[in-house]
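# Coordinate analysis (summary)
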Amino acid sequence: MDGSRCAVLALHWQVNVIEPEGFFGGMLAEPVARSGVVERAARFHAAAAEAGAELVFTRFTVPAGGGELVRNTGFMRAVDDARESFRPDSPGTALIAAMADQPDLVVDNQKLSGIAGSDLADRLRARDIGTLLITGVATNLTVEQTARHATDLGFHVHVVRDCVAAADETAHEASLADLELTTAGCLTADDAVRLLAAGDVPLIR
């Protein structure tokens, strides 16, 4: 993969999702910490950036007025009810300390898919980026939704399997198995870095 035509989509590495004090901390903080995914993903992001890939981080936020948020699922109703914790300038929406200095670009949205509800897809296309490497939490939520959505938009999508995590290991593995079929396939971080170094990334069609 040619790093200049590849972007890492780093999904929801924010306090509300990863840290114990965050809104989803009671559900996700312990399994995330136990998995070691934060350290692995931070190392992968750095290696991918060194290979020329753009690092795009997404944050789930709820601006005043709600932005693009629609209360059409239990998940969206829950975050809207806690909207003050998801304001763009609230402590909960800040990127976690281990990754705070990594992004080339930070995109906020109000959708489960990190590529929905913004002009991100168009911005990537304009830079001839055709391959997306996805990291983030949770595997069976934003990671799977984003991977499927971006695939439908024509991107070549690889979930970096050791740089994602979920609250439940069974759900995590089932989601990865589905993504193996519905995207360009899951990769380990080491494999993704090797492919970046080798060049030859597909263009979006």
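Everything below is about the structure shown above.
Residues numbered from 1 in each chain as written. Predicted model: local features only at pLDDT ≥ 70, side-chain atom pairs only at ≥ 80, totals over all residues. Heavy atoms only, no water.

If you trace the backbone, asparagine 109 turns up in strand 3 (residues 105-109). Engagement of the side chain of asparagine 109 in a polar contact is seen with the backbone oxygen of serine 113, the distance being 2.8 Å. Contact partners of asparagine 109, with chain neighbours within four places excluded, come to Arg59, Phe60, Thr61, Gly114, Ile115 and Ala116. (Helix = DSSP H or I, 4+ residues; strand = E, 2+ residues; numbered from the N terminus. Polar contact = N/O pair within 3.5 Å; in protein donor to acceptor, adjacent residues only side chain to side chain. Contact = heavy atoms within 4.5 Å.)

Let us look at unusual backbone geometry. Geometrically, the link from valine 137 to alanine 138 is a cis peptide bond, its omega value of 5° lying close to zero. With respect to the helices and strands, the residue alanine 138 is situated in the loop between strand 4 (131-137) and helix 6 (139-152). One non-glycine residue with positive phi stands out, namely histidine 12, at about 60°. Note that histidine 12 resides in the loop between strand 1 (6-11) and helix 1 (15-18). The buried category is assigned to histidine 12, whose relative accessible area is 5%. Non-glycine residue aspartate 128 carries a positive phi angle of around 60°. Tracing the backbone through its elements, the reader meets aspartate 128 in the loop between helix 5 (120-126) and strand 4. Residue classification places aspartate 128 among the partly exposed residues on the basis of a relative accessible area of 44%. (Buried < 20%, exposed > 50% of the residue type's maximum accessible area, 1.4 Å probe, protein only.)

Approximately 180 Å³ is the volume attributed to the largest pocket. Every residue along the wall of the largest pocket is listed here: Val70, Asn72, Thr73, Phe75, Met76, Gln110, Lys111, Leu112, Ser113, Ala116, Leu141 and Gln145. (1 Å grid on protein atoms, 1.4 Å probe; cavity = no way out; pocket = protein on both sides within 12 Å on 5 of 7 lines; lining within 4 Å. Points joined across faces, edges and corners; volume = space filled by probe spheres on them.)

This part takes up the environment of alanine 41. Within the secondary structure, alanine 41 is located in helix 3 (residues 37-50). Considering only alpha carbons, one finds alanine 41 and glutamate 30, 11 residues apart in sequence, at a separation of 17 Å. With residues up to four places along the chain from it excluded, the contact list for alanine 41 reads Trp13, Met99 and Cys163.

With that settled, consider empty space enclosed by the protein. Here the structure, examined in full by the defined rule, presents one cavity of 30 Å³ or more. There is about 120 Å³ of room inside the largest cavity. For the lining of the largest cavity, the secondary structure elements donating two or more residues are helix 2 (25-35), helix 4 (74-81) and helix 6. A per-class count over the lining of the largest cavity returns 12 nonpolar, two polar and no charged. (Nonpolar A, V, L, I, M, F, W, Y, C, P; charged D, E, K, R; others polar.)

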